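# Commentary on secondary and tertiary structure
Residues per chain, in single letters:
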Amino acid sequence: EREWKMMTPLSIKPPKRAYHSAWIIGGSDGFKMIIHGGQSDEGKGPNSAVADTWRLDLSTNVWTKYSSDPEAPSVSHAFVGSISNSSAVLFGGKTESNKLFGRVMSFDTTGGWVAVLPAGRRPDRRTGHVVSYDSDAGWMVVSHGMNWRGHFLDDTWTLDINTGAWTCVAGTTGGCPARKSGEKFPAANAFSAFVSTGSQ
């Protein structure tokens, strides 16, 4: 029978925060949770956003803070797709000034944060979206959310990690190009994803 239990860190720990990003990595040395950003009492700007990245070893309950990185995004409400046991991709969220963040950032446990610069059409800046990673196709999938006007979005996009190209595969909002009558979305049946509603 599974049950919740309190984990007591055996080390320094991150400052209290909310609306941060979190993902799990695992390898021969066990599973670890990585968190980044969010809102904190130590944050900056109207959004009180922070840009620190921490790792919790789930075997030893020890937190480790990654070195300060000038490229690290200072964002909250961002979502991350874990690509491998050492890397992940972040998209969206809110900046220190409470504006929507539209850049794509990749994180590597040894190399830190790097901006990804996709060419061509791309999804609108957003928050409240969901992100997942299709390891078979090599795509990050971004779906739904809310734009800067507070309008809900119904679109779904894929980002090819190898080529850096965005493709809208479903929806009519969020920057998706208008389609002619009968025109199908590219790769619309190449993957499945589940999106659940949030609070009402």
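Refer to the preceding data block for the structure.
Notes on the structure follow.

Reading the values: rules and limits
Residues numbered from 1 in each chain as written. Predicted model: local features only at pLDDT ≥ 70, side-chain atom pairs only at ≥ 80, totals over all residues. Heavy atoms only, no water. Pairing = 2+ DSSP bridges. Helix = DSSP H or I, 4+ residues; strand = E, 2+ residues; numbered from the N terminus. Axes fitted to C-alpha atoms, helices over the stretch in contact; angles between N-to-C directions. Salt bridge = Lys/Arg side-chain N within 4 Å of Asp/Glu carboxyl O. Buried < 20%, exposed > 50% of the residue type's maximum accessible area, 1.4 Å probe, protein only. Disulfide = S-S within 2.5 Å.

Reading across from one edge, S2-S3-S5-S6 is the order of the four strands in this open sheet, with antiparallel pairing throughout. With partners counted over all chains shown, the strands left at the sheet margins are strand S2 (21–27) and strand S6 (62–65), one partner each. The mean inter-strand angle of the sheet, taken between neighbouring strand axes irrespective of direction, is 25 degrees. Examined bridge by bridge, strand S5 (residues 53–57) and S6 share four bridges and lie antiparallel to one another. Of the residues in S6, the one forming a bridge with Leu-56 is Trp-63.

Take the pattern of salt bridges next. Inspection of every chain in the model, using the stated rule, returns four salt bridges. In this structure, Asp-155 and Arg-126 form a salt bridge, with 2.7 Å as the shortest nitrogen-oxygen distance. Placement of Asp-155 in strand S15 (residues 152–160) and of Arg-126 in the loop between strand S12 (112–116) and strand S13 (130–134) is noted, with a sequence separation of 29 residues between them. For Asp-155, a relative accessible area of 0% gives the class buried. One network of salt bridges, with partners in common, ties together Asp-29, Lys-32 and Asp-57.

Here we come to the state of the cysteines. Here the structure, examined in full by the defined rule, presents one disulfide. Between the sulfur of Cys-168 and that of Cys-176 lies a disulfide, 1.7 Å long from S to S. Since a negative S-S torsion denotes a left-handed disulfide, the Cys-168-Cys-176 link at about 75 degrees is right-handed. Classification of Cys-168 by relative accessible area gives buried; the value is 3%.

Two faces, one strand: in a regular strand the side chains alternate between the faces of the sheet. As paired strands, strand S11 (residues 104–108) and S12 are joined by five bridges and run antiparallel to one another. In the strand pairing of S12, Asp-108 is matched with Gly-112. Connecting the antiparallel pair S11 and S12 is a turn made up of three residues.

In this section: the pairing of strand S14 (residues 139–146). Judged by how many residues are buried, S14 sits mostly within the fold: six of eight residues are covered. Of the pairings in the sheet, the one linking S13 to S14 comprises five bridges and is antiparallel in character. Bridge pairing in S14 places Ser-132 opposite Val-141. Counted between consecutive antiparallel strands, the loop separating S13 from S14 contains four residues, among which Gly-138 sits at a positive phi close to 75 degrees. Relative to S15, S14 is paired through seven bridges, and the arrangement is antiparallel. Bridge pairing links Met-140 to Leu-159 in S15. The turn joining S14 and S15, which pair antiparallel and follow one another in sequence, is formed by five residues; a positive phi near 85 degrees is taken by Gly-150.

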